[in-house]
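# Structural overview
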Amino acid sequence: VSTLVRAPIGLSEAAGADVARYGQKGKTKSLREFSAELVRGEASLTDGASDGLLRRVDVVMLVVKHAHTGQILVQTQHQTHDGRTTPLFRLPGVKCRCHAWDINGRLRPDENKFTCAWRLLRKQLQIEESRVTLSLDAKRFDEEKPTDFFPGVKTVYRKRL
């Protein structure tokens, strides 16, 4: 960790994270990227007791179904800023900004599952809100899995579908 970029609070070798492994091009996120994700409120970092550090990410995934044909929209690839593409086969989704903190240390309710879904429709899918009806019956499930982007940190994805 350099003097210019510090590890996010709680991220340390004592907690099981190898901060020297962060920022390896194409393999792991940098500490700056990790901090930015936490500051934007897209994730939170807690002590998972016996499991070490735990990164929690709330994700909203939409099942966009054509009204007449019943076809479901599926994301087939992701293109990065430098033009590289990664093949995918998943429902469109976005991280919620529900872990943001104000300057007094209180949790800000920036987004809930519905405002997050509208943001996904407008910004990523570019679908007009007037052409969509959101269901109030959101299903929630948690998925815990390690990620190569954040060495030494387990991640729990709280997905709303």
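The structure reproduced in this document is the subject of the present report.

What counts, and where the lines are drawn
Residues numbered from 1 in each chain as written. Predicted model: local features only at pLDDT ≥ 70, side-chain atom pairs only at ≥ 80, totals over all residues. Heavy atoms only, no water. Helix = DSSP H or I, 4+ residues; strand = E, 2+ residues; numbered from the N terminus. Buried < 20%, exposed > 50% of the residue type's maximum accessible area, 1.4 Å probe, protein only. Contact = heavy atoms within 4.5 Å. Areas by Shrake-Rupley, 256 points an atom, 1.4 Å probe, with all protein chains shown as cover. Patch = residues over 30% accessible without salt bridge, like charges linked within 9 Å, V, L, I, M, F, W, Y side chains within 5 Å. Salt bridge = Lys/Arg side-chain N within 4 Å of Asp/Glu carboxyl O. Polar contact = N/O pair within 3.5 Å; in protein donor to acceptor, adjacent residues only side chain to side chain.

### Let's talk about the overall build of the chain
Scanning the chain from N- to C-terminus turns up 2 helices and 7 strands. Counting from the amino terminus, helix and strand elements in the chain follow one another as α-β-β-β-β-β-α-β-β. A buried classification covers 29% of the 161 residues belonging to the chain. Partitioning the intrachain contacts of the chain with sequence separation of at least 6 by distance along the chain shows that 50% fall at a separation of at least 24. When the accessible surface of the chain is split by element, carbon and sulfur atoms take 52% of a total near 11,100 Å².

### Details of a nonpolar patch on the surface
A grouping of Val-63, Ile-72, Phe-141 and Leu-161 is seen on the molecular surface, where their side chains present a nonpolar patch of about 320 Å² in accessible area. When you line up the elements, Ile-72 lands in the loop between strand E2 (53-61) and strand E3 (75-79). Look at Ile-72 and you get partly exposed, because its relative accessible area is 43%.

### Describing the side chain of Glu-37
Considering the arrangement of structural elements, one finds Glu-37 in helix H1 (residues 31-40). Look at Glu-37 and you get buried, because its relative accessible area is 2%. Reaching out from Glu-37, the side chain makes a polar contact with the side chain of Arg-55 at a distance of 2.9 Å.

### A few points about unusual backbone geometry
Its identity is not glycine, yet Gln-126 carries a phi of approximately 55 degrees, on the positive side. Note that Gln-126 resides in the loop between helix H2 (113-125) and strand E6 (140-146).

### A few points about the environment of Gln-24
With respect to the helices and strands, Gln-24 occurs in the segment before H1. The exposure class of Gln-24 is partly exposed, given its relative accessible area of 33%. The spatial distance from the C-alpha of Gln-24 to the C-alpha of Phe-149 is 9.2 Å, given a sequence separation of 125 residues.

Purely geometric numbers; function is a separate question.
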